[in-house]
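# Breakdown of the fold
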Amino acid sequence: FRKLVDPKAIRDRIANHANFIIIRYAEVLLTFAEAQNELSGPSAEVYAALDQIRQRAGMPKVDQAKYASKESLRQLIRNERLVELALEGHRYVDIRRWGIAPQVMNTIYDLNNSVAQARVWEDKLWLMPIPQKEIDNAHGVLVQNDGY
């Protein structure tokens, strides 16, 4: 895994203290494409945003005939987010936002068919816990989300 690592710094044996990337332009384009598709379906703007990302990666443009419906384009955008933003910490938020977390949070098995990671979805995970300090400061106005 060398994503977000400066290869020149490694090659020159330089101590690399690169800034942590909070948001990338590709994420902005994917978020725009997702929002526009959900709002009004496929459009030239949505395809253009996706094509910018794909062309940078050496991928062909989106097949507009194949992804002409809101639903098919939604699946493409979700896959593009999965691939483009891999290992950047977006997936958990994405699957919760899309409401598909219970279907995709499955137990992972290794090559020997042994459990590598047991995953169980609990409905409390739709919401994050409210920090106790915020509840205390609210003097009874805030209550903890269910399950925490």
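If you're wondering where the values come from, they're calculated on a predicted model, not measured in any experiment.

Most often, soluble globular proteins keep nonpolar side chains buried together rather than apart. With 15 residues, the main nonpolar core has Ala 33, Val 46, Leu 50, Val 62, Leu 73, Leu 76 and Ile 77 as its most contacted residues. If you list the elements that add at least two residues to this core, you get helix H2 (25-40), helix H3 (44-56) and helix H4 (70-84). Considering each element in turn, this core owes the most residues, five residues, to H3. The contacts of Ala 33, once residues within four sequence positions are left out, are Val 46, Ala 49, Leu 50 and Ile 77.

Here the focus is unusual backbone geometry. Although it is not a glycine, Asn 113 adopts a positive phi angle of roughly 65°. One non-glycine residue, His 139, lies in positive phi territory at about 50°. Within the secondary structure, His 139 sits in the segment after helix H7 (132-137).

With 89% of its residues at a pLDDT of 70 or more, the chain shows a mean pLDDT of 91. Least confident of the elements in the chain is helix H1 (residues 7-11), whose mean pLDDT is 67; most confident is H2, at 98.

Moving on to the packing of H2 against H4. It is the contact of H2 with H4, at a shortest axis distance of 10 Å, that shows an interaxial angle of 165°. The orientation of H2 with respect to H4, classified from their angle, is roughly antiparallel. Crossing geometry of H2 relative to H4 is assigned as left-handed. Along the contact surface, H2 presents Ala 26, Glu 27, Leu 30, Thr 31, Ala 33, Glu 34, Asn 37, Glu 38 and Leu 39, while H4 presents Lys 70, Leu 73, Arg 74, Ile 77, Glu 80, Arg 81 and Glu 84. Its residues assigned to classes, the contact of H2 with H4 shows six nonpolar, two polar and eight charged.

Calculation criteria
- Residues numbered from 1 in each chain as written.
- Predicted model: local features only at pLDDT ≥ 70, side-chain atom pairs only at ≥ 80, totals over all residues.
- Heavy atoms only, no water.
- Core = buried A, V, L, I, M, F, W, Y, C linked by side-chain atoms within 4.5 Å.
- Buried < 20%, exposed > 50% of the residue type's maximum accessible area, 1.4 Å probe, protein only.
- Helix = DSSP H or I, 4+ residues; strand = E, 2+ residues; numbered from the N terminus.
- Contact = heavy atoms within 4.5 Å.
- pLDDT = per-residue confidence, 0-100.
- Axes fitted to C-alpha atoms, helices over the stretch in contact; angles between N-to-C directions.
- Parallel < 35°, antiparallel > 145°, perpendicular 65-115°, else oblique.
- Left-handed = near helix turned anticlockwise from the far one by under 90°.
- Nonpolar A, V, L, I, M, F, W, Y, C, P; charged D, E, K, R; others polar.

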